[in-house]
Protein chains: 2
Amino acid sequence: VSVPGDAALGPGREFDLIRSLIQRWGAAAVGIGDDAALLRVPRGETLLASVDANVEGIHFQRDWFAPDEIGYRAVTAALSDLAAMAARPLGMLISLTVPESWMHELGRVADGIGEAATRFQSPILGGNMAAAVELSITTTVLGAAFAPLMRGGARDGDAVYVTGLLGGPGAALAHLQRGEEAGDGRPRLAKPVARLSEARWLADAGAMCAIDISDGLVADLGHVAAASNVHVEVEASAIPVFPSASLADALQGGDEYELVVTSPAALDTEAFARRFGVPLTKIGRVVGGPPTVDVRGARVADAKGYDHFSR
Amino acid sequence: VSVPGDAALGPGREFDLIRSLIQRWGAAAVGIGDDAALLRVPRGETLLASVDANVEGIHFQRDWFAPDEIGYRAVTAALSDLAAMAARPLGMLISLTVPESWMHELGRVADGIGEAATRFQSPILGGNMAAAVELSITTTVLGAAFAPLMRGGARDGDAVYVTGLLGGPGAALAHLQRGEEAGDGRPRLAKPVARLSEARWLADAGAMCAIDISDGLVADLGHVAAASNVHVEVEASAIPVFPSASLADALQGGDEYELVVTSPAALDTEAFARRFGVPLTKIGRVVGGPPTVDVRGARVADAKGYDHFSR
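Residues numbered from 1 in each chain as written. Chains lettered and ligands numbered in written order. Predicted model: local features only at pLDDT ≥ 70, side-chain atom pairs only at ≥ 80, totals over all residues. Heavy atoms only, no water.

Colleague: Looking at this model, I keep getting lost on the packing of helix H2 (residues 67–83) of chain A against helix H3 (residues 106–119) of chain A. Mind explaining?
Modeller: Packed helix pairs are specified by the crossing angle of their axes together with the interaxial distance, meaning the distance between the axes. Residues and elements named next belong to chain A. Where H2 contacts H3, the two axes come as close as 6 Å, and the packing angle between them is 40°. In terms of their interaxial angle, H2 and H3 are classed as oblique. H2 and H3 meet at a crossing whose hand is right-handed. On H3, the residues touching Pro-67, Asp-68, Gly-71, Tyr-72, Val-75, Thr-76 and Leu-79 of H2 are Arg-108, Val-109, Gly-112, Ile-113, Glu-115, Ala-116 and Arg-119. Its residues assigned to classes, the contact of H2 with H3 shows 7 nonpolar, 3 polar and 4 charged. (Axes fitted to C-alpha atoms, helices over the stretch in contact; angles between N-to-C directions. Helix = DSSP H or I, 4+ residues; strand = E, 2+ residues; numbered from the N terminus. Parallel < 35°, antiparallel > 145°, perpendicular 65-115°, else oblique. Left-handed = near helix turned anticlockwise from the far one by under 90°. Contact = heavy atoms within 4.5 Å. Nonpolar A, V, L, I, M, F, W, Y, C, P; charged D, E, K, R; others polar.)

Colleague: I tried to follow the sheet that holds strand E8 (residues 231–235) of chain A on my own but got confused; where do I start?
Modeller: Backbone-to-backbone hydrogen bonds join strands into a sheet, with any given pair of strands oriented parallel or antiparallel. All names here are of chain A. With respect to topology, 6 strands assemble into an open sheet ordered E7-E9-E6-E10-E8-E11, the strand pairing being mixed. The sheet is open, and its two borders are formed by strand E7 (209–212) and strand E11 (293–296), each paired with just one other strand. Put simply, the sheet's adjacent strands are angled 25° from each other on average, direction ignored. Across 4 bridges, the pairing between E8 and strand E10 (residues 280–287) is antiparallel. Bridge pairing in E10 links Val-234 to Gly-284. (Pairing = 2+ DSSP bridges.)

Colleague: Before we go on, may I ask you to explain helix H6 (residues 196–205) of chain A in this structure?
Modeller: The periodicity of an α-helix, 3.6 residues per turn, causes residues three or four places apart in sequence to face the same way. All names here are of chain A. Of all the residues in H6, the buried ones are Leu-196, Glu-198, Ala-199 and Leu-202. With its buried residues spanning 155° around the axis, H6 presents them on a single face. In the core, the buried residues of H6 are packed alongside H2, strand E3 (88–98), strand E6 (159–163), strand E9 (259–263), helix H9 (269–276) and E10. The positive-phi residue at the C-terminal boundary of H6 is Gly-206, with phi of around 125°. (Buried < 20%, exposed > 50% of the residue type's maximum accessible area, 1.4 Å probe, protein only. Arc of directions from axis to C-beta.)

Colleague: Honestly, the pairing of E6 of chain A in this entry has me stumped. Any pointers?
Modeller: In regular strands, side chains alternate between the two faces of the sheet. Residue and element names in this part refer to chain A. Most of E6 sits inside the fold, with 5 of its 5 residues counted as buried. Neither face of E6 is exposed, since Ala-159, Tyr-161 and Thr-163 on one face and Val-160 and Val-162 on the opposite face are all buried. Bridge count between E6 and E9: 4 bridges; the pairing is antiparallel. The residue bridging Tyr-161 from the neighbouring strand is Val-261, located in E9. In this sheet, E10 lies alongside E6 in antiparallel orientation, the contact comprising 5 bridges. Note on E10: the bridge partner recorded for Val-160 is Gly-284.

Colleague: Hey, could you run me through the side chain of Ser-263 of chain B in this one?
Modeller: All names here are of chain B. Checked against the element boundaries, Ser-263 lands in strand E9 (residues 259–263). Overall, Ser-263 belongs to the buried group, its relative accessible area being 1%. A distance of 3.4 Å separates a polar atom in the side chain of Ser-263 from the backbone oxygen of Gly-206. If sequence neighbours within four positions are ignored, Ser-263 has contacts with Asp-158, Ala-159, Tyr-161, Gly-206, Ala-207 and Met-208. (Polar contact = N/O pair within 3.5 Å; in protein donor to acceptor, adjacent residues only side chain to side chain.)

Colleague: Explain the pattern of salt bridges here, please?
Modeller: Once the charged atoms of two side chains with opposite charge are near each other, the side chains can pair. All names here are of chain A. All chains considered together, the criterion is met by 36 salt bridges over all chains. One salt bridge in this structure joins Lys-191 and Glu-115, with 3.3 Å as the shortest N-O distance. Of the two residues, Lys-191 is situated in the loop between helix H5 (186–190) and H6 and Glu-115 in helix H3; the sequence distance between them amounts to 76 residues. Using a relative accessible area of 28% as the deciding quantity, one classes Lys-191 as partly exposed. Connected through shared salt-bridge partners, Arg-188, Arg-195, Glu-198, Glu-256 and Glu-258 make up one network. (Salt bridge = Lys/Arg side-chain N within 4 Å of Asp/Glu carboxyl O.)

Colleague: Can you walk me through the environment of Val-160 of chain B in this structure?
Modeller: Residues and elements named next belong to chain B. Mapping Val-160 onto the fold places it in strand E6 (residues 159–163). Exposure remark for Val-160: the relative accessible area of 0% places this residue in the buried category. In sequence terms Val-160 and Gln-61 are 99 residues apart; their C-alpha atoms lie 34 Å from each other.

Colleague: Explain the environment of Thr-46 of chain B here, please?
Modeller: By secondary structure assignment, the location of Thr-46 of chain B is in strand E2 (residues 46–55). Here Thr-46 of chain B falls in the buried class, since its relative accessible area comes to 4%. Between the C-alpha atom of Thr-46 of chain B and that of Leu-202 of chain B, which follows or precedes it by 156 residues, the distance is 18 Å. The contacts of Thr-46 of chain B, once residues within four sequence positions are left out, are Leu-38, Leu-39 and Arg-40 of chain A together with Gly-143, Ala-144, Ala-145 and Pro-148 of chain B.

Colleague: Looking at this model, I keep getting lost on the packing of H6 of chain A against H9 of chain A. Mind explaining?
Modeller: Residues and elements named next belong to chain A. Interhelical geometry of H6 versus H9 gives an angle of 150° and a closest axis separation of 11 Å. Considered as vectors, H6 and H9 are oriented roughly antiparallel to each other. Classified by chirality, the crossing of H9 by H6 is right-handed. Residue-level inspection shows Ser-197, Glu-198, Trp-201 and Leu-202 of H6 in contact with H9, the latter providing Ala-271, Phe-272, Arg-275 and Phe-276.

Colleague: Before we go on, may I ask you to explain the packing of aromatic side chains in this structure?
Modeller: The geometry of two aromatic rings is summed up by the distance between their centres and the angle between their planes. Residue and element names in this part refer to chain A. Tallied over the entire structure, the rule returns 10 aromatic pairs over all chains. With a centroid separation of 6.3 Å and an interplanar angle of 55°, the aromatic rings of Tyr-72 and Phe-120 are classed as tilted. Of this pair, Tyr-72 sits in helix H2 while Phe-120 sits in the loop between H3 and strand E4 (124–131), and the two are 48 residues apart along the sequence. We note that Tyr-72, like Phe-120, is buried. Look at Trp-201 and Phe-276: their rings are 6.4 Å apart centre to centre, the planes differ by 85°, and that puts the pair in the edge-to-face class. You can see Trp-201 sitting in helix H6 and its partner Phe-276 sitting in helix H9, a full 75 residues away along the chain. Assessed through its relative accessible area of 21%, Trp-201 is described here as partly exposed. (Phe/Tyr/Trp six-rings, centres within 6.5 Å; stacked < 30°, edge-to-face > 60°.)

Colleague: In this structure, what is going on with unusual backbone geometry? I would like to understand it.
Modeller: Of all residues except glycine, most have a negative phi; of all peptide bonds, most are trans. Unlike most non-glycine residues, Asn-229 of chain A shows phi in positive territory, near 55°. At Gln-121 of chain B, a residue that is not glycine, the phi angle is positive and equals roughly 50°. Examined against the element boundaries, Gln-121 of chain B turns out to sit in the loop between helix H3 (106–119) and strand E4 (124–131).

Colleague: Can you walk me through the nonpolar core in this structure?
Modeller: The tendency in soluble globular proteins is for nonpolar side chains to be buried side by side. With 67 residues, the main nonpolar core has Leu-79, Leu-96, Ile-113 and Ile-124 of chain B as its most contacted residues. Per-element tally for this core: the top contributor is helix H2 (residues 67–83) of chain B, with 8 residues. If sequence neighbours within four positions are ignored, Leu-79 of chain B has contacts with Pro-89, Met-92, Ala-116, Phe-120, Ser-122, Val-141, Ala-194 and Leu-196 of chain B. Membership of the second largest hydrophobic core comes to 66 residues, among which are Phe-15, Val-75, Leu-135 and Ala-182 of chain A. (Core = buried A, V, L, I, M, F, W, Y, C linked by side-chain atoms within 4.5 Å.)

Below you can see the structure in the form of structure tokens.
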């Protein structure tokens, strides 16, 4: 069952709800209304597709965020996977499971989804809605690129760069998990940025490999190391740490949605900063050796990212 | 976070689980391993995308089905949305939320997903996995078609046809909901068929409008009536009813995944039956009038399909 649009609405509360969401989304929702959404992929480009789930109680607690922030960050996390491949968004499908206790807030959750759709120019093409015990937002993103950046594109001799300042979301999350105020890192956690324009700039400038930081810098560089079969050396002193965050937050905190890229050519970090208003920082290099990550100048107690099923 | 393949695996139980699923899927899983899956859409064709969620406790009860049936039917329901548009599957993304109590059965759920992927030639291109309170399987299907069939394609004078025999899943579901054995309709409920090949045959033969029966024949014809702005008349005596099911099951039961099409040209029902081994039956016609559905020769107490949020 796909989301039917106005033209295909039957009776019943489910369709009333969907109709109200489509109305709230306005121009951010495009062409919804059949069994499947229709898209045109530009000739010669590759289609990219990714899905990401955001589940209450697992990825967030209800009282940590405003409803619109919950919608916004779920969608942005999914769009970040397109940024990691330097793709342009074509649009997305939103699958919601909604408990009765969330019904009154659903419009505000949808507002956040629509805000992200507008900001990152990724129209809502369709979706699905079902009752459930937990609120969940599962976002499928569709994008296109001539030459997607891959995790396996890093080579011996490449320099490693990262966008933004790291550790803000990790620090904020740690505060929330201890029942404290989130602190200065809160906006980075509640309203992250999918670095879509930045990724295309970096690919045009010569980056050959990219990943977005969702599990944590070291964990995600580990994915690059494994996929590219290279060793990655990071200089702890070079990491751009968010004010009020620790180096450990910056190395291991997830939910950043900043990009790490590797490039055989030197990248113009000043031009990047002028263009986007966020720093681009060289933090290390790709060298021969085992497909692992080494952080020089820091003790990393546990280099793993967040693992949903670890005990 | 997309599902990383073998090449991009880090440590941790989440990746171990994903690795084990990919191994079970074998040739049914293709190219998993980066932030997004890469696909080529045939030149000149339209891309179709749809998402469908199957949630424990809402769409099924755990004790109704074997684990592989739960995986199989979730994926098949999603693929049916591509059949409804006469599209060929390009592949799909599988987003799973998995409670601890399901961990030991997860492999068998995955087996059912893989079985459907193989049967309907729709490779698993990527996905997502997260812990949760309920098992849920959210399937994004991607397909391609030169000329997708739309809900809005019905015109005054068209004949209305349906594939298969109706009411089996509805009858089985009613038994299960009363705590009884599912009966003869069980295979139709537990292992439905996505009528993908049948849909392309029907489109080639002249059908101009299609929908798959997920909410129930009358409810889904209502979507066609609304989207096409036509009135649909169905003859109760013409409905092909599944043995042991009632006419009410056939008119209102959901989860059929049979197709209803409308066609200005007469369709060769015998050729269809010979080709696919299931009947194609003319059940009514499209006429001028209000955009509603009329069932002649039967009293339909409640023409609504299943509505997740009705009380």
